[in-house]
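# Chains, contacts and geometry: an overview
Each chain is listed here by its residues.
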Amino acid sequence: MSDPFLAEIRMFAGNFAPRGWALCNGQMMSISQNSALFSLLGTTYGGDGQVTFQLPNLQGRVPVHQSYTGASAAAQVLGNQFGQNTVSLTQANMPAHTHAVPSADGQSSDKPGVGLAPAPGGSYGPVASYSVMAPDLVVGSNQPFDNTQPSLVLNFIIALEGIFPSRW
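Per chain, residue numbering runs from 1 following the sequence as it is written. Side-chain atom pairs in this predicted model are given and counted only at pLDDT of 80 or more, local residue features only at pLDDT of at least 70, and totals for whole chains, interfaces and linings cover all residues. The side-chain quantities take in all heavy atoms of the structure and omit both hydrogens and water.

In the nomenclature of an unreviewed UniProt entry, the protein chain is known as Phage tail protein of Arthrobacter glacialis.

### Points about the nonpolar core
Here, nonpolar core means buried Ala, Val, Leu, Ile, Met, Phe, Trp, Tyr and Cys residues that are tied together by side-chain atoms lying within 4.5 Å of each other. Each residue is placed in one exposure class: buried if its accessible area under a 1.4 Å probe, protein chains only, is under 20% of its type's maximum, exposed if it is over 50%, and partly exposed if it falls in between. By size, the foremost hydrophobic cluster in this structure holds 13 residues, and its most contacted members are Ala7, Cys24, Leu37, Leu41, Phe53, Leu55 and Ile158. Helix numbers and strand numbers start at the N terminus; a helix is a DSSP run of H or I with at least 4 residues, a strand a run of E with at least 2. Those elements giving two or more residues to this core turn out to be helix H1 (35-41) and strand E11 (155-159). Should any heavy atoms of two residues lie within 4.5 Å, those residues are counted as being in contact. Among residues more than four places away in sequence, those in contact with Leu41 are Ala7, Phe53, Gln54, Leu55, Pro56 and Ile158.

### Observations concerning the pattern of salt bridges
Definition used for salt bridges: Asp or Glu carboxyl oxygen within 4 Å of a side-chain nitrogen of Lys or Arg. Here the structure, examined in full by the defined rule, presents one salt bridge. A salt bridge links Glu8 to Arg10, with the shortest nitrogen-to-oxygen separation between them at 2.7 Å.

### Side note on the layout of surface pockets
Any residue with an atom within 4 Å of a point lines the site, the site being either a cavity, points on a 1 Å grid over the protein atoms alone where a 1.4 Å probe fits but cannot get out, or a pocket, an open set with protein on both sides within 12 Å along at least 5 of 7 lines. Grid points are joined across faces, edges and corners, and a volume is the space filled by probe spheres set on the points. There is about 1400 Å³ of room inside the largest pocket. Lining of the largest pocket is provided by 42 residues; of these, Leu58, Gly60, Arg61, Val62 and Pro63 occupy positions nearest its centre. Looking at the lining of the largest pocket, the elements that each hand over two or more residues are strand E1 (9-12) and E11. Partitioning the lining of the largest pocket into residue classes produces 18 nonpolar, 22 polar and two charged. Estimated volume of the second largest pocket: approximately 580 Å³. When grouped by side-chain class, the residues that make up the lining of the second largest pocket number 11 nonpolar, three polar and two charged. All amino acids are sorted into three groups, where Ala, Val, Leu, Ile, Met, Phe, Trp, Tyr, Cys and Pro are nonpolar, Asp, Glu, Lys and Arg are charged, and the leftover types, Gly among them, are polar.

### Examining the packing of aromatic side chains
We call Phe, Tyr and Trp rings a pair once their centres come within 6.5 Å, taking the six-membered ring for Trp, and we label the pair stacked below 30 degrees between planes, edge-to-face above 60, and tilted otherwise. Enumeration according to the criterion identifies two aromatic pairs in this entry. Ring centres of Phe12 and Phe16 lie 5.7 Å apart, and the angle between their planes is 80 degrees; on these two criteria the pair is classed as edge-to-face. Judged by relative accessible area, which is 22%, Phe12 ranks as partly exposed. In this structure Phe16 comes out as partly exposed when scored by relative accessible area, which is 46%. Taken together, a centroid distance of 5.5 Å and an interplanar angle of 55 degrees make the contact between Phe38 and Phe53 tilted. One end of the pair, Phe38, is in helix H1; the other, Phe53, is in strand E4 (residues 52-54), with 15 residues separating them in the sequence.

### Here we look at a nonpolar patch on the surface
Patches were defined on residues exceeding 30% relative accessible area and lacking a salt bridge, with like-charge contacts within 9 Å and nonpolar side-chain contacts (Val, Leu, Ile, Met, Phe, Trp, Tyr) within 5 Å. For every accessible area listed, the method is Shrake-Rupley and the probe measures 1.4 Å; residues are considered covered only by the protein chains on display. A surface patch of nonpolar side chains, about 350 Å² in accessible area, is lined by Met11, Leu152 and Leu154. Leu154 sits in the partly exposed class, given a relative accessible area of 36%.

### Section: the environment of Ser2
On the secondary structure map, Ser2 appears in the segment before E1. For the pair formed by Ser2 and Gly162, sequence separation is 160 residues and the distance between their alpha carbons is 9.7 Å.

And the structure:
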């Protein structure tokens with residue numbers, strides 16, 4: 001494999017960082033011992049810029065390319081962190097809707113109070129009220145839920161040694 005560029009990030013399936021690399025876990029680094037790397041990263045990912053700087057922290061994060069977008073969306077610049085681990089489902093973010101429920105005559109209805117329920121003896125018939133369709137039903141209960149896409153955990157590593165990248 002060719003020599004990496006200094007500050008190059010790669011995915012790595014091992015449970016450690018090889019020699020000359022570090023895990024992208026946000027660790028603090030000494031500027032005096034890593035001046036070339038600091039010249040590339042600066043304090044983009046943290047640190048005081050006097051004695052220390054920080055490596056990118058990709059733990060539990062998805063890397064996204066920087067972008068410069070129009071007025072409809074925020075620009076994503078290097079070091080920016082965004083997104084949420086959980087989302088609370090509330091009535092405000094649920095579209096208004098109804099559910100059609102079959103009635104006793106086989107027709108469907110989206111009106112509260114129309115539906116089928118087991119009658120004595122196991123047969124089905126019309127019911128006086130259908131609580132699931134009640135207009136005061138609490139939806140979502142403001143409880144957070146996990147919104148993670150299917151994922152596979154790998155380590156991201158950053159080159160501490162390598163070729164200093166030159167600009168064109």
